[in-house]
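Descriptive structure summary
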Amino acid sequence: MDWERSRAAVPRFEFLERAGSTNDELRIAATGADASTWPHGAVVVTDEQTAGRGRLGRSWLAPSGKTLAISLLLRPGDGRAPALPLEAYGWIPLIAGAAMTGAVRRELDAARVARLDETADDDADGPGLLEVDLKWPNDVLVSGYKVCGILSELLPPEPGQAAPGGVVVGAGLNLTLDEHDLPTLTSTSLLLASGRRPDADAVLADYLAGFLELFDAYRAAGGDAAASGIAARVASLCGTIGEEVRVELPGGRMLLGTAEGLDADGRLLVLDRESDESQAVAAGDVTHLRYE
């Protein structure tokens with residue numbers, strides 16, 4: 001595959017036949033001697049990642065050729081817009097999640113239309129509708145099953161600067177895993193969800209273009225999620241809002257309650273069952289209790 005559409009969506013696109021971690025590859029390149037050749041929006045992709053990482057240090061492994069590991073470089077301070085305040089960086093994983101949720105929805109919608117066309121002249125039932133939602137803060141779910149996870153990593157500041165030198169946003173998308181390949185019982189793939197092989201270049205190009213469009217609007221608004229429309233966009237896609245949830249907080253404490261919304265910094269607001277008070281969660285492992 002030549003990745004024609006994905007290459008057209010970004011200023012630099014590198015596909016690696018194999019990589020330990022695309023986040024590591026991009027981080028090293030973006031901070032090395034040739035850092036200037038890796039601009040805002042540069043991307044490293046592979047379909048064989050051997051040492052990927054998820055949140056909380058979890059390993060992320062997948063069979064060759066059945067997933068995409070995608071790492072995209074953001075340089076908020078590249079001079080094209082005012083530098084983002086540090087508190088604005090918390091929205092970046094949510095922006096990535098919103099972009100991926102939209103791309104997955106459109107891919108599955110296209111697959112559903114194609115299958116409806118195939119079954120129009122016979123007695124077979126067509127495919128049903130699928131729910132595709134963003135699970136706060138960084139997973140994309142298809143009818144409750146995880147199809148993509150996102151991990152963002154800050155680059156060290158430039159000499160004499162306080163702000164991060166950039167952000168590497170990694171995403172792992174399950175393309176054609178079958179039931180025997182799935183890493184967990186709560187995972188799925190685009191193939192399993194739709195019954196059709198996905199167009200990997202189309203969904204990747206959609207994600208990359210959508211992510212950069214959303215992020216650039218956010219950056220142009222100075223990191224104001226409300227003014228840029230990002231807060232409304234993320235909230236409209238976030239299936240966690242309104243759910244009964246269990247949150248495993250740093251340190252092992254559990255929070256049970258109802259996810260009410262997001263605050264101005266992108267934190268999840270949870271109405272605590274015990275105290276009946278709203279708590280803002282900046283980091284934690286969230287479980288939607290309706291799926292248990």
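Notes on the overall build of the chain
If you tally the helices and strands in the chain, you get seven helices and 14 strands. In terms of overall size, the chain behaves like a compact globule, its C-alpha atoms giving a radius of gyration of 19 Å where 292 residues would be expected to give roughly 19 Å. For the chain, the spread of C-alpha atoms along the three principal axes comes to 70 × 55 × 35 Å. Taken over 292 residues, the chain has a buried fraction of 46%. Of the roughly 13700 Å² that the chain leaves accessible, carbon and sulfur atoms contribute 49%. Measuring between centres, the 26 positive side-chain charges of the chain sit 3 Å from its 45 negative side-chain charges.

Regarding helix H5 (residues 200-220)
For H5, with 21 residues, the first-to-last C-alpha span of 30 Å sits near the 30 Å given by 1.5 Å per residue. Looking one or two places after H5, you find Gly-222, whose phi comes out positive at around 70°.

Some details on the nonpolar core
Within the largest apolar cluster, 61 residues are counted, with the highest numbers of intra-cluster contacts made by Ile-70, Val-104, Tyr-207 and Phe-211. Dropping the residues within four chain positions of it, Ile-70 is found in contact with Thr-22, Val-43, Val-44, Val-45, Met-100, Val-169, Gly-170, Ala-171, Leu-204, Tyr-207 and Leu-208. Formed by nine residues, the second largest nonpolar core is a distinct cluster that contains Ala-29, Ala-42, Val-44 and Val-168.

Description of the sheet that holds strand E14 (residues 285-288)
One open sheet holds the five strands; their spatial order is E13-E12-E11-E10-E14, and the pairing between them is antiparallel. Strand pairing shows two members of the sheet lacking a second neighbour, strand E13 (278-281) and E14, which therefore form its edges. Within the sheet, the average angular offset between the axes of one strand and its neighbour, ignoring direction, is 45°. When strand E11 (residues 254-262) meets strand E12 (residues 268-272), the two strands line up antiparallel, connected through five bridges. Bridge assignment links Gly-261 to a residue of E12, and that residue is Leu-269.

Observations concerning the sheet that holds strand E8 (residues 145-155)
Pairing in this open sheet of seven strands is mixed, and the strands run E1-E2-E5-E9-E8-E7-E6 from one edge to the other. In this open sheet, the two edge strands, each paired with only one partner strand, are strand E1 (13-16) and strand E6 (132-135). Direction aside, the axes of adjacent strands within the sheet are offset by 15° on average. With four bridges joining them, strand E2 (residues 43-46) and strand E5 (residues 67-74) adopt antiparallel strand pairing. Across the sheet, the residue bridging to Val-43 is Leu-72, located in E5.

Section: the pairing of E1
With four bridges joining them, E1 and E2 adopt parallel strand pairing. Looking at E2, one finds that Phe-15 is bridged to Val-45. A crossover links E1 with its parallel partner E2, the connecting element being helix H2 (residues 22-31), and its sense is right-handed.

Cut-off values and rules
Residues numbered from 1 in each chain as written. Predicted model: local features only at pLDDT ≥ 70, side-chain atom pairs only at ≥ 80, totals over all residues. Heavy atoms only, no water. Helix = DSSP H or I, 4+ residues; strand = E, 2+ residues; numbered from the N terminus. Rg over C-alpha atoms; globule rule 2.2 N^0.38 Å. Buried < 20%, exposed > 50% of the residue type's maximum accessible area, 1.4 Å probe, protein only. Areas by Shrake-Rupley, 256 points an atom, 1.4 Å probe, with all protein chains shown as cover. Lys, Arg positive; Asp, Glu negative; His and termini not counted. Charge placed at Lys NZ, Arg CZ, Asp CG, Glu CD. Expected span 1.5 Å × (residues − 1). Core = buried A, V, L, I, M, F, W, Y, C linked by side-chain atoms within 4.5 Å. Contact = heavy atoms within 4.5 Å. Pairing = 2+ DSSP bridges. Axes fitted to C-alpha atoms, helices over the stretch in contact; angles between N-to-C directions. Right-handed = clockwise from strand over helix to strand, strands pointing away.

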